[in-house]
Amino acid sequence: MVKKIPMRTCIACKAVKPKKELIRIVKNEQGVSLDLTGKKNGRGAYVCSDIECIKKLKKSKALQRAFECPVADETYAVIEEEFLGKQN
């Protein structure tokens, strides 16, 4: 039996990659944030683990489309800071 690998699409660059290679961003009652565990409750969207895709989120307003709600510029900045913190 062949085990299927879950695939997801990056909302910034539209690349289709295995779920484990992407970072999940979640929208829940607390707002929009990175979900490094992949287990937080809420609506999820995926982005490549690449600073260029993280920066492209704000430019293309990809989170606003994915979550169908307004996303503040500060939220994009926090997501970028969390991503950069994860890199170190």
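These figures come from a predicted structure and were not determined experimentally.

Scoring rules and cut-offs
Residues numbered from 1 in each chain as written. Predicted model: local features only at pLDDT ≥ 70, side-chain atom pairs only at ≥ 80, totals over all residues. Heavy atoms only, no water. Core = buried A, V, L, I, M, F, W, Y, C linked by side-chain atoms within 4.5 Å. Buried < 20%, exposed > 50% of the residue type's maximum accessible area, 1.4 Å probe, protein only. Helix = DSSP H or I, 4+ residues; strand = E, 2+ residues; numbered from the N terminus. Contact = heavy atoms within 4.5 Å. Patch = residues over 30% accessible without salt bridge, like charges linked within 9 Å, V, L, I, M, F, W, Y side chains within 5 Å. Areas by Shrake-Rupley, 256 points an atom, 1.4 Å probe, with all protein chains shown as cover. Salt bridge = Lys/Arg side-chain N within 4 Å of Asp/Glu carboxyl O. Pairing = 2+ DSSP bridges. Axes fitted to C-alpha atoms, helices over the stretch in contact; angles between N-to-C directions.

**Student:** Whenever I open this one, the nonpolar core confuses me. Can you help?
**Tutor:** The biggest cluster of nonpolar side chains holds 22 residues, and the ones touching the most others in it are Ile-25, Val-47, Leu-57 and Leu-63. Only β3 (22–28), β4 (31–35), β5 (43–48), α1 (51–60), α2 (62–67) and α3 (73–87) provide two or more residues apiece to this core. With four residues, β5 is the single largest residue contributor to this core. Residues contacting Ile-25, with those up to four places away along its chain left out, are Val-32, Ser-33, Leu-34, Asp-35, Arg-43, Gly-44, Ala-45, Val-47, Leu-57, Leu-63, Phe-67 and Ile-79.

**Student:** Help me out: how do you make sense of unusual backbone geometry in this one?
**Tutor:** Glycine aside, a negative phi is what most residues show, and trans is what most peptide bonds show. Even without glycine at this site, Lys-14 takes up a positive phi of about 70°. Counting through the fold element by element, Lys-14 comes out in the loop between β1 (7–9) and β2 (16–18). Overall, the relative accessible area of 53% leaves Lys-14 in the exposed class. Residues other than glycine seldom take positive phi values, yet Glu-68 does so here, at roughly 50°.

**Student:** Honestly, a nonpolar patch on the surface in this entry has me stumped. Any pointers?
**Tutor:** A cluster of nonpolar side chains, namely Ile-5, Met-7 and Val-16, defines an oily patch on the protein surface of about 300 Å² accessible area. Its location among the elements puts Met-7 in strand β1. Residue classification places Met-7 among the partly exposed positions, given a relative accessible area of 42%.

**Student:** Sorry, what's going on with the pattern of salt bridges here?
**Tutor:** Pairing between side chains becomes possible if they bear opposite charge and their charged atoms approach one another. Applying the stated criterion across every chain, the model contains one salt bridge. Where Asp-35 meets Arg-24, a salt bridge forms, and the shortest distance between an N and an O atom there is 2.6 Å. Placement of Asp-35 in strand β4 and of Arg-24 in strand β3 is noted, with a sequence separation of eleven residues between them. Across this residue pair, the class does not change: Asp-35 and Arg-24 are buried.

**Student:** Looking at this model, I keep getting lost on the environment of Lys-56. Mind explaining?
**Tutor:** Locating Lys-56 in the fold gives a position in helix α1. Considering only alpha carbons, one finds Lys-56 and Tyr-76, 20 residues apart in sequence, at a separation of 10.0 Å. Apart from the residues lying within four places of it in its own chain, the contact partners of Lys-56 are Ala-12 and Cys-13.

**Student:** Teacher, can you tell me more about the sheet that holds β5 here?
**Tutor:** Within a beta sheet, neighbouring strands are joined by backbone hydrogen bonds and run either parallel or antiparallel to one another. Here we have three strands laid out as an open sheet, ordered β4-β3-β5, and antiparallel in their pairing. Since the sheet does not close on itself, it has two edges, and those belong to β4 and β5, each with one partner. Recorded for the sheet is a direction-independent mean angle of 25° between the axes of neighbouring strands. The sheet contacts of α1 involve β3 and β5, and relative to β5 the element is tilted by about 125°.

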